[in-house]
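Next come the chains, spelled out residue by residue.
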Amino acid sequence: MLSGLSVSKNTFIAACYYTTAFLSDRAFLRGQHLLSNPLILATLAIFLSCAVEHSVQLLKLVFGGQNGSPMILTIQGGIVPLVALVVGVFMALRRYYSLLFENSQSKRTLMHQLDQANVELERAIANSEVLVARTKKLLQTNQQLEREIIERKQTQEATRSTQNLLNSIVENLPMGIFIKEVNELRFVFWNKASEELTGYSPEEVLGMNDYDFFPPEQAAFFTNCDREVLASGKLLDIPEEPIQTKHQGLRMLHTKKIPLLDESGIPRYLLGISEDITERKQALEALGESEAAQTRAIASLQQQATQMKTAMQTLQNSQSQLVQSEKMSSLGQLVAGVAHEINNPVSFIYGNLAYADQYTQNLLHLLQLYQRYYPHPVPEIEAYEENIDLDFVWEDLPNILSSMKLGADRIRQIVLSLRNFSRLDQAEMKAVDIHEGLDSTLLILQHRLKAKVGNRGIELIKEYGDLPLVECHAGQMNQVFMNILTNAIDVLEEYSYQHLAIATIENLHTQSLLGQNLPILNAQAPVASIKIRTEVVAIDDSPHVVIRIRDNGSGIPPDVKARLFDPFFTTKPVGKGTGLGLSISHQIVVEKHGGVLKCFSEPGQGTEFYIEIPIVHRRARTCQEAET
């Protein structure tokens, strides 16, 4: 029984030692380096020795009893040195392994750490480049911010100056201006005009609302209006707003209120502008009372005015006709009288010029005979000849007589033209030569066609057709020709003077640039001209004579042309025109001769008057029929 127990004990102890040694060896093979410590290695050797010893004890109990066989004892005696030898060899191998394997392992670890350090270094270099770029960008951003700060300061300074200017303007405006905040409608601004208007200073008003110094009913009215403006967001115009002032009693104001919105469109403040209209309202009320009194009087006169309007128009037309007719009649009588008075002495002079010329030639011939047969006169005669310059008198006297005859002929022509123009002997409608009337009118206006200072004169172009005698009122038709030609000459003279003024300014400007005195030229101005054209046309199987009088002036605007034939309408300055010439001309041509008088004109293209009358008189047509 003891033998069995010893066997079991030795078997268990040996198994434990072997298991411990086996586990230590497995840990070593897996690289856990449990044997790197010599103490641990010695402990492992002791475990193995104990395990072998107990194994030998087990064999001795199994095969040899208590004492054992000699072979077993030999094994038991040699196992311990063998284990010691194995452990020593193992320790030597372990040292060699440590030198070879662990150093290479450390080298690999160091290389791996070095690679990681290089990667980290490259990463740090890349990060440093990024940091440099970011630093440059930050520097640029900083410079930009500095510039923006400077610009913002300048803008703020300009804004401050503008704000001060606006504040000064608003503060000194002659109208009351106030501003309220929107929550409790308390005043935040109150200018000088508001103080003068109400008697309340800014110190009394700012931070207060209407209920603090106005009567309750007025304050309620003001507040309701303010709320209405803030709710609608639109301007509120209060034509009459009564207000109880501190020093002037009740005043009447014209107030406008408007909300001041922020960026989101929400009202932040309320702006009010007030104007004192008390005196104006009182004046209007007084005026209204007087107007009410006048209205009754005016109402009683309106009916009479309406009735008189037509009569006044008729009277005005009749007056214009009478004035012009009387003027032309007086002018005709004056012209006829002057022509008659001039004609008598001129006829006397003209009739005696032939005899004076003959007598002069006889005297000169007698004087020539004296010089031929008495070549040596007495000294007194010679002295007188030298004194009177006989040779010059001899040559110039025939020229004087010839000039006198030419002047007398010219006066006779003028007298004849004046008589033809007046036509006092042809008051009734008779067959006359239209060309003779035109030429007579042009002869009277000849002095206005000639060149003057600053005016190169007016070129006259005649394109007369082959006209028969025309049945008409010759004196009245001459009046028509005079009115139209006079207007054309006035327009052309003004047109020429305008071009002269422009040319003068341009020449003065050129002289100032070149520093030279240049002659004033008017080369750009076209030559002023009046073109008269006559012809015979057939209208409704009836022969009519057409006279076209055209100028190359500045033309007539459409609004003026529409009123050209209205009585008393004129574009000339006061004192230079009555506005009756073309109106009466239209009546003469249309109503008295059954003809047509029209005007064709465009601005800058000149003007043409178209006169058309029948060659044989027929019943005068109305103006409406003539236009049709």
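Residues numbered from 1 in each chain as written. Predicted model: local features only at pLDDT ≥ 70, side-chain atom pairs only at ≥ 80, totals over all residues. Heavy atoms only, no water.

A. View of the sheet that holds strand S2 (residues 187-190). The five strands lie next to each other as S2-S1-S5-S4-S3, forming an open sheet whose pairing is antiparallel. Pairing within the sheet leaves two strands with one partner each, and these edge strands are S2 and strand S3 (236-244). With direction set aside, neighbouring strand axes in the sheet form an average angle of 30 degrees. In this sheet, S2 lies alongside strand S1 (residues 176-181) in antiparallel orientation, the contact comprising three bridges. Opposite Ile-179, over in S2, you have Phe-189 as the bridge partner. Each of S1, S3, strand S4 (250-261) and strand S5 (267-276) is contacted by helix H6 (residues 216-232), which is oriented at about 160 degrees to S3, the strand it contacts most. (Pairing = 2+ DSSP bridges. Helix = DSSP H or I, 4+ residues; strand = E, 2+ residues; numbered from the N terminus. Axes fitted to C-alpha atoms, helices over the stretch in contact; angles between N-to-C directions. Contact = heavy atoms within 4.5 Å.)

B. Examining the pattern of salt bridges more closely. Going through the model one piece at a time under the given rule, you end up with 20 salt bridges. For Lys-281, the salt bridge is made with Glu-240, and the minimal N-O distance between the two is 3.0 Å. Placement of Lys-281 in helix H7 (residues 278-373) and of Glu-240 in strand S3 is noted, with a sequence separation of 41 residues between them. A relative accessible area of 21% places Lys-281 in the partly exposed class. Salt bridges linked by common partners bring Lys-180, Asp-210, Asp-226, Glu-241 and Lys-257 together as one network. (Salt bridge = Lys/Arg side-chain N within 4 Å of Asp/Glu carboxyl O. Buried < 20%, exposed > 50% of the residue type's maximum accessible area, 1.4 Å probe, protein only.)

C. Representation of the sheet that holds strand S11 (residues 596-601). What the five strands build is an open sheet, ordered S7-S9-S10-S12-S11; its pairing is mixed. Looking at which strands have only one partner, the edges of the open sheet turn out to be strand S7 (459-463) and S11. Neighbour to neighbour, the strand axes of the sheet diverge by 15 degrees on average, direction disregarded. Sheet topology places S11 next to strand S12 (residues 607-614); six bridges connect them, and they run antiparallel. Across the sheet, Phe-600 pairs through a bridge with Glu-608, a residue of S12.

D. Local environment of the nonpolar core. By size, the foremost hydrophobic cluster in this structure holds 41 residues, and its most contacted members are Ile-434, Ile-484, Ile-530, Ile-547 and Ile-611. Elements with a contribution of two residues or more to this core: helix H10 (434-444), strand S8 (470-472), helix H12 (474-514), strand S9 (529-539), strand S10 (542-551), helix H14 (581-592), S11 and S12. Counting residues per element, this core draws most heavily on H12, which supplies ten residues. Discounting residues that sit within four places of it in the chain, Ile-530 has contacts with Ile-458, Glu-459, Leu-460, Ile-461, Leu-485, Ala-488, Ile-489, Leu-492, Ile-549 and Arg-550. (Core = buried A, V, L, I, M, F, W, Y, C linked by side-chain atoms within 4.5 Å.)

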